[in-house]
Amino acid sequence: MEKLKTGDGSYTYINDTYKEVYHSVSGAEEEAIKKYVEPTKIFELAKNNHIRILDVCFGIGYNSAAAIDAVLESNPDCKIDIVGLEIDKGLFDAMDDLNPSFKSFEIVKKARNGFYSEGNISIKIIFGDAKKTICDLEGEFDVCFFDPFSPRKQPDMWEEKFIKDVGSKIKTGGVLSTYSCATHVRVNLIRAGFDPKDGPAIGRRAPSTIAIKL
């Protein structure tokens with residue numbers, strides 16, 4: 001994979017298969033914080049002392065690392081459970097060549113074998129096709145980061161059935177964040193029991209999407 005420096009000075013990769021970046025070229029770290037962590041109000045949720053995060057298409061781990069940073073800043077005693085769905089095990093090797101400013105990135109990298117648990121932080125990575133592995137998840141999540149490649153390049157990940165399967169794992173009042181605002185994506189979110197609204201527009205004119213589970 002080609003490594004790419006983004007607008008905020010942080011790096012991402014270009015996926016060889018889909019020819020798309022894992023994070024915005026305007027700022028990889030900025031996108032993780034501004035499109036995923038801040039809009040899902042993780043800083044506030046951390047005050048409940050336990051937060052469960054579903055990271056769909058875990059990628060290079062920036063979203064989860066940014067989330068852990070935010071939780072620990074808000075409440076160092078909060079229990080953090082992260083489940084990541086990812087098809088490419090090789091990304092953890094690629095992560096060794098990244099050095100983002102997230103304090104928790106080294107923690108995330110320790111989940112390369114599928115599991116990490118120490119203190120109040122637990123990370124489980126389920127490798128395989130997310131459309132299949134989603135069905136094996138137990139319990140409900142407070143937050144979902146939904147971050148596949150674009151609907152144009154990876155349309156199967158944005159289909160109604162998969163979004164409904166994801167929605168079935170999110171608790172009532174839980175929140176899903178995704179960079180796409182495509183009409184059919186929002187329609188599928190509505191059909192999955194979400195109320196989608198405009199999220200922040202970072203690095204492009206179109207807004208992202210924040211969806212509350214009804």
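This structure is a prediction, so every number in the text was calculated from the model and none was measured.

What about unusual backbone geometry?
Only a minority of non-glycine residues have a phi that is not negative, and only a minority of peptide bonds are not trans. Phi at Lys41 is positive, roughly 55 degrees, even though this residue is not glycine. Tracing the backbone through its elements, the reader meets Lys41 in the loop between helix H1 (28-37) and helix H2 (42-45). One non-glycine residue, Asn49, lies in the positive phi region at around 80 degrees.

Some points on the packing of H1 against helix H3 (residues 62-74)
Where H1 contacts H3, the axes come no closer than 9 Å and their chain directions differ by 65 degrees. You can see that H1 and H3 cross each other, and the crossing is right-handed. Of H3, the residues touching H1 (which contributes Ala28, Glu29, Ala32, Ile33, Tyr36 and Val37) are Tyr62, Asn63, Ala66, Ala67 and Ala70. Along the lines of polarity and charge, the residues of the contact of H1 with H3 split into nine nonpolar, one polar and one charged.

Looking at the layout of surface pockets
Size it by volume and the largest pocket reaches roughly 720 Å³. Lining the largest pocket are 38 residues, with Val21, Pro148, Phe149, Ser150 and Tyr179 sitting closest to its centre. If you list the elements that add at least two residues to the lining of the largest pocket, you get H1, strand E4 (79-86) and helix H6 (130-133). Across the lining of the largest pocket, the residue classes tally to 18 nonpolar, 10 polar and 10 charged.

Topic: the nonpolar core
If you look at the biggest cluster of nonpolar residues, it comprises 66 residues, and the most contacted ones within it are Ile42, Leu54, Leu85, Ile123 and Phe146. Broken down by element, this core gets its largest block of residues, seven residues, from H3. When neighbours within four sequence positions are excluded, Ile123 is seen to be in contact with Ile68, Ile82, Ile107, Val108, Ala111, Gly114, Phe115 and Tyr116.

Some remarks on the side chain of Asn63
If you trace the backbone, Asn63 turns up in helix H3. Classification of Asn63 as buried rests on a relative accessible area of 2%. A distance of 3.2 Å separates polar atoms of two side chains, one belonging to Asn63 and the other to Asp147. Apart from the residues within four sequence positions on either side, Asn63 is in contact with His23, Ala32, Tyr36, Val37, Asp55, Phe145 and Asp147.

Focus: the sheet that holds strand E6 (residues 121-127)
One open sheet accounts for eight strands, arranged E5-E6-E4-E3-E7-E8-E10-E9; its pairing is mixed. Where the open sheet ends on each side, the last strands, each with one partner, are strand E5 (115-118) and strand E9 (194-198). Each strand of the sheet is rotated relative to its neighbour by a mean of 15 degrees, with strand direction disregarded. Inspection of the sheet shows E9 paired to strand E10 (residues 209-213) by five bridges, in the antiparallel sense. Counterpart to Asp198 in the pairing with E10 is Thr209. Most of the contacts of helix H8 (residues 183-191) go to E9, to which it runs at about 150 degrees, and overall it touches strand E8 (170-178), E9 and E10.

Side note on H8
Listed as buried for H8 are Val185, Arg186, Asn188 and Leu189. For H8, the angular spread of the buried residues around the axis is 160 degrees, confining them to a single face. When the buried face of H8 is taken as reference, the exposed residues oriented beyond 90 degrees from it are Thr183, Ile190 and Arg191. Contact partners of the buried residues in H8: helix H7 (160-167), E8, E9 and E10. Trailing H8 by a residue or two, Gly193 shows a phi angle of about 95 degrees, which is positive.

Parameters and conventions
Residues numbered from 1 in each chain as written. Predicted model: local features only at pLDDT ≥ 70, side-chain atom pairs only at ≥ 80, totals over all residues. Heavy atoms only, no water. Helix = DSSP H or I, 4+ residues; strand = E, 2+ residues; numbered from the N terminus. Axes fitted to C-alpha atoms, helices over the stretch in contact; angles between N-to-C directions. Left-handed = near helix turned anticlockwise from the far one by under 90°. Contact = heavy atoms within 4.5 Å. Nonpolar A, V, L, I, M, F, W, Y, C, P; charged D, E, K, R; others polar. 1 Å grid on protein atoms, 1.4 Å probe; cavity = no way out; pocket = protein on both sides within 12 Å on 5 of 7 lines; lining within 4 Å. Points joined across faces, edges and corners; volume = space filled by probe spheres on them. Core = buried A, V, L, I, M, F, W, Y, C linked by side-chain atoms within 4.5 Å. Buried < 20%, exposed > 50% of the residue type's maximum accessible area, 1.4 Å probe, protein only. Polar contact = N/O pair within 3.5 Å; in protein donor to acceptor, adjacent residues only side chain to side chain. Pairing = 2+ DSSP bridges. Arc of directions from axis to C-beta.

Honestly, that's just the spatial picture; any functional story needs more than this.
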